[in-house]
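Here is what each chain is made of, one letter per residue.
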Amino acid sequence: MEMMTSKKNGSVIAICVQEPSEDGSRMDLGAIKGEDLHFLHQAFITDTVANALSIIATEVRLYHSDLQEQKRFIAMIDDHLCKKLNGAKAQGLKDRFTTHELSHEGWGNRIEKVFKDCFSQGYSSVLVIGSRTPTITPKMMKTALKMLKECDAVFGPTPEGRYYIIGMSGSAQINLSELDWTSPSVYHDVAAAFTQKHLTWSELEIWYAVESADELEFLARDINQYRFEGDEETARETEAVMERIIARM
């Protein structure tokens, strides 16, 4: 029997790249379509990775599908991160960041595989984030990881009854592939699955994934608020891409 590898860093943030249309949700940002949508999604992922790398004691893994188009997409993001990051984040990119390929399946299957892969590598806490949430701050990620030290799972709900974060500690205790991720009640269904197994879970504040023109307005509002508060880092690449898109409209 192969022994599980013990990780120097017990926690990992796993960012899972979503398709433009994915099991009950899609990015429909009004006038932003085609190449502009592609570059904006790239910026979302770049910002999420950069924020995760701000958490020094945590490794960061980026999971993507095995489709050739997405492989090229990830290569562009990796190259951009290498050029843009500096200081501690640049060192973190070198020391604590890796990319990983998944077969092209439904969302529930993919994130279940992400959890199982991370736990098999010896991580004790796994935080999974999608690729449509560039305004999740390092502080929010740290809060979720801290919660995982005290309970079996942590959930970050969206107003629509879905997730922007799911975390587990110890092991992958729920088969997420068995749930209907197209259902508007999937948040309730996942929470109920944990409760039925007498597992403990905590809930983060309600937040949003950027999937509509309304949520794009939330994004702009929050970026402005972060800048007002002196945070020049969160969603910086997203802000730059948005400014270029708006300038052409």
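Residues numbered from 1 in each chain as written. Predicted model: local features only at pLDDT ≥ 70, side-chain atom pairs only at ≥ 80, totals over all residues. Heavy atoms only, no water.

S.K.: Honestly, the sheet that holds strand β9 (residues 201-203) in this entry has me stumped. Any pointers?
M.R.: The seven strands lie next to each other as β5-β4-β1-β6-β8-β7-β9, forming an open sheet whose pairing is mixed. A single partner strand is all that each edge strand has here, and the edge strands are β5 (97-102) and β9. Taking the axes of each pair of neighbouring strands and ignoring which way they run, one obtains an average angle of 20° across the sheet. When strand β4 (residues 58-65) meets β5, the two strands line up parallel, connected through six bridges. From the neighbouring strand, H64 faces β5, where its bridge partner is E101. Along the sheet, helix α2 (residues 68-84) contacts β4 and β5; its crossing angle with β4, the most-contacted strand, is approximately 150°. (Pairing = 2+ DSSP bridges. Helix = DSSP H or I, 4+ residues; strand = E, 2+ residues; numbered from the N terminus. Axes fitted to C-alpha atoms, helices over the stretch in contact; angles between N-to-C directions. Contact = heavy atoms within 4.5 Å.)

S.K.: Teacher, can you tell me more about the packing of aromatic side chains here?
M.R.: Describing an aromatic ring pair means giving the distance of the ring centres and the angle of the ring planes. Counting across every chain of the model gives nine aromatic pairs. Judged by centre distance (6.0 Å) and plane angle (80°), the rings of F155 and Y187 are edge-to-face. With F155 in strand β7 (residues 153-157) and Y187 in helix α6 (residues 186-196), this residue pair connects regions lying 32 residues apart in the sequence. Of the residues examined, Y187 reaches a relative accessible area of 12% and is grouped as buried. (Phe/Tyr/Trp six-rings, centres within 6.5 Å; stacked < 30°, edge-to-face > 60°. Buried < 20%, exposed > 50% of the residue type's maximum accessible area, 1.4 Å probe, protein only.)

S.K.: Which parts of the structure should I look at to understand helix α7 (residues 213-228)?
M.R.: Working note: α-helix, 3.6 residues per turn, so residues spaced by three or four point in the same direction. The end-to-end C-alpha distance of α7 is 23 Å, a good match for the 22 Å that 16 residues give at a rise of 1.5 Å each. Along α7, the residues classified as buried are E215, L216, L219, D222, I223, Y226 and R227. For α7, the angular spread of the buried residues around the axis is 135°, confining them to a single face. In α7, the exposed residues that point more than 90 degrees away from the buried face are D214, E217, N224 and F228. Elements that come into contact with the buried residues of α7 comprise α1 (34-53) and α8 (236-248). Backbone geometry just downstream of α7 places G230 in the positive-phi region, at approximately 95°. (Expected span 1.5 Å × (residues − 1). Arc of directions from axis to C-beta.)

S.K.: I would appreciate a short explanation of the pattern of salt bridges in the present structure.
M.R.: Note that side chains of opposite charge can pair when their charged atoms are close. Here the structure, examined in full by the defined rule, presents 13 salt bridges. Between K71 and E101 there is a salt bridge, and its shortest N-O distance comes to 3.6 Å. Here E101 lies in strand β5 and K71 lies in helix α2, a separation of 30 residues in the sequence. Overall, K71 belongs to the partly exposed group, its relative accessible area being 28%. Its relative accessible area of 48% is what places E101 among the partly exposed residues. (Salt bridge = Lys/Arg side-chain N within 4 Å of Asp/Glu carboxyl O.)

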